[in-house]
Amino acid sequence: MPELPEVEVTRRSIDEPLRDARVLGVRLGKPLRWPLGCRPESLVGARIGPVARRGKYLWMPMLRDPAADAGQAGGLLMHLGMSGSLSLSNLPPPAGAHDHFDLETSRGLLRLTDPRRFGAVVWSAGLDVAPAAGLLASLGPEPFDPALTPSTFHADLHTRRSPIKTVLLSGEVVVGAGNIYACEALFRAGIDPRLRAHLISRPRAARLLEAIRSTLAQALALGGSTLRDFRDAHGMNGEFQASAAVYGREGQACPVCGTTVRRLVQSQRSTYFCGRCQRR
DNA sequence: AGTTAAACCTGGTTGC
DNA sequence: TGCAACCAGGTTTAAC
């Protein structure tokens, strides 16, 4: 479910409601991708700081007041995997079969529901995202980072020989575009997803960067994409999927030229594209 | 070293 | 109706 827009929508839906909330308890369900990395009880008493995002990861600071608090300061690095979503509620229903992490706080219960359990909640000591860098080390720049320019983007693409679709999915050149938005951005940029990244010209790289930004920005404004089950922490679904030109539309007419949208498999993921609008 | 397959899981949909 | 096969928003790990 969650690419950058969905994760950011989620972040915005929990940041303010949980600000300065106290952790009252933790409940763990089945194992997620990685172990929590600390005793669940050790989180009790912490104060939740501003929730941040890096790529598709969320960072929730667990602050301590040194005066009368022996607990360790750090934070929780959270990932929604393929099927995860967070919900925040004052009257939560009993934990279901797919509810694998509950953070009981003074401002409601934050719950991670994740049927496939590709998601994660990992403790990391330290007050910033950076120390949790083990998992974040290979991430490329944020799509809206001003330091990411057509020049740097083009230079990075120039070092990759894989198909551009695969390179975008790797998140090593720019983070945030998953399968839906990589397909949509390539469509908007008029680039064939099979084109090897290093062969992309400077002007086309500039156009692709702009397409990635406009696609992610539009998705964010529409609350993300809800293909099956994505919801923000208040239960609101996204609306971007209705705006998708090619994703999930194999066999349908391209909205621009009418050519039949095709599907192919790259890196074991479906790629949707228009063979006429998108060129090598 | 760089690129590609396999793996982690569950559930919904499709087709015989 | 039953059951096998395939599909799904991600990312690490192992293998060419």
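Residues numbered from 1 in each chain as written. Chains lettered and ligands numbered in written order. Predicted model: local features only at pLDDT ≥ 70, side-chain atom pairs only at ≥ 80, totals over all residues. Heavy atoms only, no water.

Attention now goes to the overall build of chain A. Within chain A one finds six helices and 11 strands. Relative to a compact globule of 280 residues, whose C-alpha radius of gyration would be 19 Å, chain A shows 20 Å and is just as compact. Expressed as a percentage of the 280 residues in chain A, the buried residues total 50%. Counting only contacts in chain A whose residues sit at least 6 apart along the sequence, the fraction spanning at least 24 positions is 65%. Here chain A displays about 12,500 Å² of accessible surface, and carbon together with sulfur accounts for 52% of that area. In chain A, the 36 positive side-chain charges and the 25 negative ones have mean positions that sit 9 Å from each other. (Helix = DSSP H or I, 4+ residues; strand = E, 2+ residues; numbered from the N terminus. Rg over C-alpha atoms; globule rule 2.2 N^0.38 Å. Buried < 20%, exposed > 50% of the residue type's maximum accessible area, 1.4 Å probe, protein only. Contact = heavy atoms within 4.5 Å. Areas by Shrake-Rupley, 256 points an atom, 1.4 Å probe, with all protein chains shown as cover. Lys, Arg positive; Asp, Glu negative; His and termini not counted. Charge placed at Lys NZ, Arg CZ, Asp CG, Glu CD.)

Turning to the side chain of H79, a few remarks are in order. Mapping H79 onto the fold places it in strand 5 (residues 74-79). Assessed through its relative accessible area of 16%, H79 is described here as buried. A polar contact is formed between the side chain of H79 and the backbone nitrogen of G81, at a distance of 2.8 Å. What H79 contacts, discounting residues up to four positions off in sequence, is K56, Y57, G119 and A120. (Polar contact = N/O pair within 3.5 Å; in protein donor to acceptor, adjacent residues only side chain to side chain.)

Time to look at the environment of C183. Note that C183 resides in helix 5 (residues 179-189). Look at C183 and you get buried, because its relative accessible area is 1%. For C183, the contacting residues outside a window of four places in its chain are K165, V246, Y247, S270, T271 and Y272.

Now for the nonpolar core. Within the largest apolar cluster, 37 residues are counted, with the highest numbers of intra-cluster contacts made by F153, L157, I164, L168, I191, L208 and I212. Contributing elements (two or more residues each) for this core: helix 3 (150-157), helix 4 (164-170), helix 5 and helix 6 (202-221). If one sorts the elements of this core by residue count, helix 5 sits on top with eight residues. The residues contacting L208, other than those within four sequence positions of it, are F153, L157, I164, L168, A185, L186, A189 and I191. Ranked by size, the runner-up nonpolar core spans 27 residues in total, among them A21, L43, V51 and L76. (Core = buried A, V, L, I, M, F, W, Y, C linked by side-chain atoms within 4.5 Å.)

What is shown is where atoms sit, not what they do.
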